[in-house]
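# Topology and contacts: notes
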Amino acid sequence: MTSLSGKITPMTSENEYIPKCALSIHAHPDDQEFTVAGTLAKWARAGCEIISVIITSGDAGSNDPKHGADYKPTLARIREQEQRSANAVLGVKEAVFLGYPDGELEPTLALRKELTRIIRQQRPEAVVIGDPQGVFYGNGYINHPDHRAAAQAALYAVFPSAETRLIFTDLLLAGYEPHKVKRVYVHGSEKPDTWVDIAGTIDVKLEALRKHASQLGEWDPEKMVREWAEEEGREKGIQYAEAYKVMVNQEEQPEN
Ligand SMILES: [Zn+2]
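Note that the structure is predicted; figures quoted are calculated from it, not measured.

What follows is about the overall build of the chain. Scanning the chain for helices and strands turns up nine helices and nine strands. Since a compact globule built from 256 residues should have a radius of gyration of about 18 Å, the 19 Å found for the chain is in line with a globular shape. Overall, the chain is about 70 × 50 × 35 Å in size when its C-alpha atoms are taken along their principal axes. Counting every position in the chain, which comprises 256 residues, the buried fraction comes to 46%. Total accessible area on the chain stands at roughly 13,200 Å², and carbon and sulfur atoms take up 52% of it. For the chain, the distance from the average site of its 29 positive side-chain charges to the average site of its 39 negative ones is 5 Å.

Let us look at the coordination of the zinc ion. At 2.0 to 2.1 Å from the zinc ion lie its protein donor atoms, namely H28 (ND1), D31 (OD) and H147 (NE2). Donor residues for the zinc ion sit on one chain with the sequence pattern H-x2-D-x115-H. Of the two residues, D31 sits in helix 1 (residues 31-35) while H147 sits in helix 5 (residues 145-162), which places them 116 residues apart along the sequence.

Now for the pairing of strand 1 (residues 21-26). Here strand 1 lies mainly inside the structure; five of its six residues are buried. Where strand 1 lies against strand 4 (residues 126-129), three bridges are found, and the strand directions are parallel. When the sheet's bridge partners are listed, S24 is paired in strand 4 with V128.

The contact between helix 3 (residues 72-90) and helix 7 (residues 202-209) brings their axes to 8 Å, and the two run at 165°. As summarised for this structure, helix 3 and helix 7 are arranged roughly antiparallel, according to the angle between their axes. Handedness of the helix 3/helix 7 crossing: right-handed. Residues A86, V89 and L90 of helix 3 touch helix 7, and the partners they reach there are V204, K205, E207 and A208. Residue classes in the contact of helix 3 with helix 7 are distributed as five nonpolar, no polar and two charged.

Attention now moves to unusual backbone geometry. Negative phi values dominate among residues other than glycine, just as trans dominates among peptide bonds. The amide bond that connects F159 to the next residue, P160, takes the cis arrangement and shows omega of 10°. Examined against the element boundaries, P160 turns out to sit in helix 5.

Let's shift gears to the environment of V128. Within the element layout of this structure, V128 appears in strand 4. Along the backbone, V128 and E33 are 95 residues apart, and their C-alpha atoms lie at a distance of 12 Å. Each residue touching V128, except ones within four places of it in the same chain, is listed here: L23, S24, I25, H26, V36, L40, W43, Y185 and Y244.

Further remarks concern helix 4 (residues 109-122). Given a rise of 1.5 Å per residue, 14 residues ought to cover 20 Å, and the 20 Å separating the end C-alpha atoms of helix 4 matches this to within 8%. Listed in full, the buried residues belonging to helix 4 are L111, L115, T116, I118, I119 and R120.

Rules and cut-offs
Residues numbered from 1 in each chain as written. Predicted model: local features only at pLDDT ≥ 70, side-chain atom pairs only at ≥ 80, totals over all residues. Heavy atoms only, no water. Helix = DSSP H or I, 4+ residues; strand = E, 2+ residues; numbered from the N terminus. Rg over C-alpha atoms; globule rule 2.2 N^0.38 Å. Buried < 20%, exposed > 50% of the residue type's maximum accessible area, 1.4 Å probe, protein only. Areas by Shrake-Rupley, 256 points an atom, 1.4 Å probe, with all protein chains shown as cover. Lys, Arg positive; Asp, Glu negative; His and termini not counted. Charge placed at Lys NZ, Arg CZ, Asp CG, Glu CD. Donors = N, O, S within 2.8 Å, 3.2 Å for Na, K, Ca; no water. Pairing = 2+ DSSP bridges. Axes fitted to C-alpha atoms, helices over the stretch in contact; angles between N-to-C directions. Parallel < 35°, antiparallel > 145°, perpendicular 65-115°, else oblique. Left-handed = near helix turned anticlockwise from the far one by under 90°. Contact = heavy atoms within 4.5 Å. Nonpolar A, V, L, I, M, F, W, Y, C, P; charged D, E, K, R; others polar. Expected span 1.5 Å × (residues − 1).

Okay, structure coming up:
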């Protein structure tokens, strides 16, 4: 792209932002793979160290009539393993499971505090979440309330809790010093402002998503995932993209 002064300016420099370390925070195993996995795989391949925080272990993720309540712990272990396998495909270093009950998540202060502790401990440069405002997607999908709860708790853990010294002072007493996250990547926003080109990692995203076999059954998600990525990239003329609203919580400091 050529600017008025005739200098070449990169059109998508924002897309090339790669954090050194990132937390990917979601309600359920598989949320990350359905939404932001192409970005994470791209970042991981560029050297970013990523940790997934999965707030529930997806223990309500079966409508099979042969299972009752006693199946839930078994399903949770299966789904945690699926998430670890998906992470290995993406290049995500570690998964942290918080063990909240699936389908009952609320954006409580207790959850915000737990996420604050993790952010202060891991000190990520970027945090990747869903959209806390997303209720309706088209006419066909009512956003799961766990997704909104996870996103809200994570967003407010980033700001103000993680960076404000005198919020949750018992964390401070326990040695968790404040930490300022530079950027929050919010996926699923109605008004995205940042597009990550995932042409190079959409196959990896699909391979990771397929690790969630307990959820996919016989269904092949490829057609849908490619259509979503095409849709997300259309506005910018990108073949496959993941689109975000990015909150810049701290500007990059110029390097000396
Ligand atoms: Zn989910």
